[in-house]
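Residue-level listing of the chains:
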Amino acid sequence: MKKFLTTFALLFMTINSTPAQADLVLGADVYRTFIDTSQEFENYTESNYDMIAAVLGFDFNGVGIEGFYQISDDNINNNNFSSKTTSYGADFVLRLPTSEYLDFVTSLGYVNYKLENRLRDLESDGLRIGFGFQFNFNKHLAIRAMYHYSALTEEVDNLKSVNEISAGIRIKF
């Protein structure tokens, strides 16, 4: 609780120490996603997916919220089974400037994954954390690279966790 209050106080001081400016954020990302499933489903799914995502959010002086929707194409594994995955969620994003052009980015949010295959569809949600860097070309255009880890709920024991690496673009208005 003490860490939470300290973090909240620092966040509040950061927001109040700069002029108020909320920006609309539009983005697009490409992902390499690894989904950890139970052994029962390894024969029916692929564990690695290439995904694309659309992002919509707001940024308030380096603190923001971003909603996303990700989708993959059909993947065919070694056993000739087709599978695909989709996900959606929202992240609270904190950008910490390290220089004029480079920001360290962290995120904490919620995600829902759906894995579709011939055997049955699996769906689970959970906590998603991430960290990475953002290179700002100017105050309106940036590129971002991040790592995300999602710990999925234990209600569905067939989907365990998700690891993702992403790269994308952010446009602020």
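Not measured: the values here are computed from a predicted model.

What the protein chain contains, in helices and strands, is 2 helices and 9 strands. Moving toward the C terminus, one meets the helices and strands of the protein chain in the order α-β-α-β-β-β-β-β-β-β-β. Residues classed as buried in the protein chain amount to 39% of the 173 residues present. Considering only contacts within the protein chain whose residues lie at least 6 apart along the sequence, 58% involve residues at least 24 apart. Surface exposure of the protein chain reaches about 10,200 Å², of which carbon and sulfur atoms provide 63%.

Our focus in this paragraph is the nonpolar core. Soluble globular proteins tend to bury their nonpolar side chains together. Among the nonpolar cores identified, the biggest contains 14 residues, and Ile35, Tyr49, Tyr113, Leu115, Leu152, Leu159 and Val162 are the most heavily contacted of them. Looking at this core, the elements that each hand over two or more residues are β1 (22-37), β2 (48-60), β6 (102-117) and β9 (159-172). In terms of residue count, the dominant contributor to this core is β2 (4 residues). The residues touching Tyr113, leaving out its near neighbours within four places in the chain, are Thr85, Thr86, Ser87, Leu122, Glu123, Ser124, Arg128, Ser150, Leu152, Leu159, Val162 and Glu164.

Another aspect to go through is the packing of aromatic side chains. Counted by the stated rule, this structure contains 4 aromatic pairs. Here the aromatic rings of Tyr101 and Phe135 are separated by 6.0 Å at their centres, their planes lie at 25°, and the arrangement is stacked. On the criterion of sequence distance, the pair formed by Tyr101 in the loop between β5 (82-97) and β6 and Phe135 in strand β7 (residues 122-136) is long-range, its members being 34 residues apart. Residue Phe135 is classed as partly exposed on the basis of its relative accessible area of 34%.

What follows deals with the pattern of salt bridges. Under the defined criterion, the tally for this structure stands at 9 salt bridges. Asp59 is the salt-bridge partner of Arg95, the closest N and O atoms lying 3.2 Å from each other. A residue pair is termed long-range when its members are at least 10 positions apart, and Arg95 in strand β5 and Asp59 in strand β2 qualify at 36 residues. Of the two residues examined, Arg95 and Asp59, each falls in the buried class. When the shortest N-O distance is used, the salt bridge between Asp59 and Lys172 registers 3.9 Å. In this pair, Asp59 is assigned in strand β2 and Lys172 in strand β9, connecting sequence segments 113 residues apart. Comparing Asp59 with Lys172, the two get one shared label, buried.

A separate point is the environment of Ala22. With respect to the helices, strands and loops of the structure, Ala22 is situated in strand β1. Distance from Ala22 to Gly62, taken between C-alpha atoms, is 9.4 Å for residues 40 residues apart in sequence.

The next point concerns the pairing of β5. Across 9 bridges, the pairing between strand β3 (residues 63-72) and β5 is antiparallel. Within the sheet, the bridge partner assigned to Gln70 lies in β5 and is Ser87. Here strand β4 (residues 75-76) runs beside β5; their pairing, made up of 2 bridges, is antiparallel. Note that in β5 the partner of Ile76 across the bridge is Ser82. Here β4 folds back onto β5, and the loop between the two strands holds 5 residues, one of which, Asn80, carries a positive phi near 65°. With antiparallel pairing between neighbouring strands as the criterion, β5 and β6 make up a hairpin whose turn holds 4 residues.

With that settled, consider unusual backbone geometry. A positive phi angle, close to 55°, is found at Asn61, a residue other than glycine. Here Asn61 lies in the loop between β2 and β3. By relative accessible area, Asn61 is classed as partly exposed at 25%.

Conventions and cut-offs
- Residues numbered from 1 in each chain as written.
- Predicted model: local features only at pLDDT ≥ 70, side-chain atom pairs only at ≥ 80, totals over all residues.
- Heavy atoms only, no water.
- Helix = DSSP H or I, 4+ residues; strand = E, 2+ residues; numbered from the N terminus.
- Buried < 20%, exposed > 50% of the residue type's maximum accessible area, 1.4 Å probe, protein only.
- Contact = heavy atoms within 4.5 Å.
- Areas by Shrake-Rupley, 256 points an atom, 1.4 Å probe, with all protein chains shown as cover.
- Core = buried A, V, L, I, M, F, W, Y, C linked by side-chain atoms within 4.5 Å.
- Phe/Tyr/Trp six-rings, centres within 6.5 Å; stacked < 30°, edge-to-face > 60°.
- Salt bridge = Lys/Arg side-chain N within 4 Å of Asp/Glu carboxyl O.
- Pairing = 2+ DSSP bridges.

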